[in-house]
Structure formats: C-alpha cells, structure tokens
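Read off the chains here:
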Amino acid sequence: MFSRPSQHAHQGNLQYSQSMSASRPPYAVNQRPAYGGYAAPPPPPGADPQLYEWFRSVDADRSGAISVHELQSALVNEFDLDTVKMLMNMFDTDRSGSIGFNEFSGLWKYISDWQNVFKHFDKDRSGSIDGYELAEALRSFGYNLSPAILTLIEQKYASGPSDGYGPPPGITFDRFVRACVVVKTLTESFQRVDTDRDGWIQVNYEQFMKIVLSAP
C-alpha cells in the first residue's frame, strides 16, 4: 500500500531534515530582495538556513509570519485559494491566521511529500492526474470507491470544465492534494459515526451538515 503524506507526523516533528537541504522549495518562487540592504536575521537554532531563507522570502511584509495570500503568491503553479486555505488551516496550529517558521517547515515537508506521491501516480507524465490514475492512487491509500464516486471526484476537482466530449481535464497537483484530503476527512467522519462498522449510518440533518461542512 502506498503511504499518503501524514499531516500529524510532520506537525509532531517539525525539525527540517538536513538531508533535504539541497532540494528546491516545493513550488515556492518570487523570492524578494532582502531587507532593503540590512542583513537578514539569522535562522533559529537547528533550522536549515536555506529553508529559513525561503520562509523570509515568502514573508513579504516582514511580519515574521506568512499569510494566506503571501503563501499563494509564492506558489509557482498558482494553487487555487481554497487549497491554500486548506493547507494553512492544517498547519496553523495556534490558530493565529498565519504560519510561523516551524509551521512553515511542516507545510513545506507536507507539500514535498505530496509532490512525490503525485509524480508516482502521474504515470504518463502529463502533469495532471486522470481518472485511472486517481483510482489507483486512492485505492493504494485504502479507499476502494465505486466508479460513480470516482467520476464525481474527477469531475469536481478537474482543472477545468469538461467540453462534453471525452473525459474531463486532468486534476492538477494542488487540486489532487485537496481531493485526497477531502476523501480522507469525509471517510474518517463517516467511520466515527459508523460505530458497528457495517458500512451504514443513521444521522439527522444537523449531523449530516456538520460532516459535510467540516470537510476542507
């Protein structure tokens, strides 16, 4: 079974791996000039200097934390705002509305791991995930979904609307991450209610709305 990236594992240990220090930032670009001629503050003890430099580059207003819009502007492939908000919400552990360096370290590692997953399942190297590749990815994560559900996911997270002829456009990296996180979140919400594990639940309207609206 192919292992999906774990948010909680990274949040439990946000120490950046020195073995990855030569890697380029996952989709981070648009590096800005440093501090108007003043020397940048040194990285925290134990932090990777290159990762800290990327963090300071993304922190456009020099506040010491990164906002949703700062993060979105630093991502090469133009992540849609909903995906950026989802990632921010996952790693904004103190619920401040922004992420500091330690939170950014976890987010960076999480996106890097998802990049590896995406490349693994993008068998035709098209730069997007088609329906067959999506089914294989979700199945490897332990989600054996029906063809009808897989089609709904593919259509919902496709990079553009279908023209009505042939399959929908593929799912880009950012939307692939969001689709997988949503499937995981909804499955776990269902399993919490399915206490006898028979695959059936009985919920009232309010419970149903809470499950759906809690999805990222």
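Only a predicted model underlies this, so the values are computations on that prediction, with no experimental measurement involved.

Section: the UniProt feature "domain: EF-hand" (unreviewed entry) in the protein chain
Then, in step 1: As annotated by UniProt and renumbered to match this structure, "domain: EF-hand" (unreviewed entry) occupies residues 46-81 and 109-144.
Then, in step 2: Counted over residues 109-144, helix gives 64% and strand 0%. Its end C-alpha atoms are 27 Å apart.

Some remarks on the packing of aromatic side chains
Then, in step 1: Within the structure shown, the criterion is met by 13 aromatic pairs.
Then, in step 2: Summarising the aromatic geometry, the rings of Trp 54 and Trp 108 are spaced 6.1 Å apart at their centres and angled 20° between planes, so their arrangement reads as stacked. Within this pair, whereas Trp 54 is found in helix α2 (residues 49-58), its partner Trp 108 is found in helix α5 (residues 101-121), the two being separated by 54 residues in sequence.
Then, in step 3: Three or more aromatic residues joined by ring pairs make a cluster, and in this case those are Phe 79, Phe 91, Tyr 110, Trp 114, Phe 118, Phe 121, Phe 141, Phe 173 and Phe 176.
Then, in step 4: For Lys 156, the ring lying beneath its charged end belongs to Tyr 157, and the centroid distance is 5.6 Å.

Section: the pattern of salt bridges
Then, in step 1: Applying the stated rule across the entire model yields seven salt bridges.
Then, in step 2: For the salt bridge of Arg 56 with Asp 59, the shortest nitrogen-to-oxygen distance reads 3.7 Å. The burial state of Arg 56 is the same as that of Asp 59; both residues are buried.
Then, in step 3: Note that Lys 210 is salt-bridged to Glu 206, the shortest N-O span being 3.6 Å. Of this pair, Lys 210 and Glu 206 both sit in helix α9 (residues 205-213), four residues apart, which is roughly one turn of the helix.
Then, in step 4: For Glu 206, a relative accessible area of 51% puts it in the exposed group.
Then, in step 5: Bridged by salt links that share partners, the residues Asp 80, Asp 82, Arg 175 and Arg 178 form one connected network.

Definitions and limits used
Residues numbered from 1 in each chain as written. Predicted model: local features only at pLDDT ≥ 70, side-chain atom pairs only at ≥ 80, totals over all residues. Heavy atoms only, no water. UniProt positions renumbered as here; feature names shortened; annotations may be inferred. Helix = DSSP H or I, 4+ residues; strand = E, 2+ residues; numbered from the N terminus. Phe/Tyr/Trp six-rings, centres within 6.5 Å; stacked < 30°, edge-to-face > 60°. Lys NZ or Arg CZ within 6 Å of the ring centre and 35° of its normal. Salt bridge = Lys/Arg side-chain N within 4 Å of Asp/Glu carboxyl O. Buried < 20%, exposed > 50% of the residue type's maximum accessible area, 1.4 Å probe, protein only.

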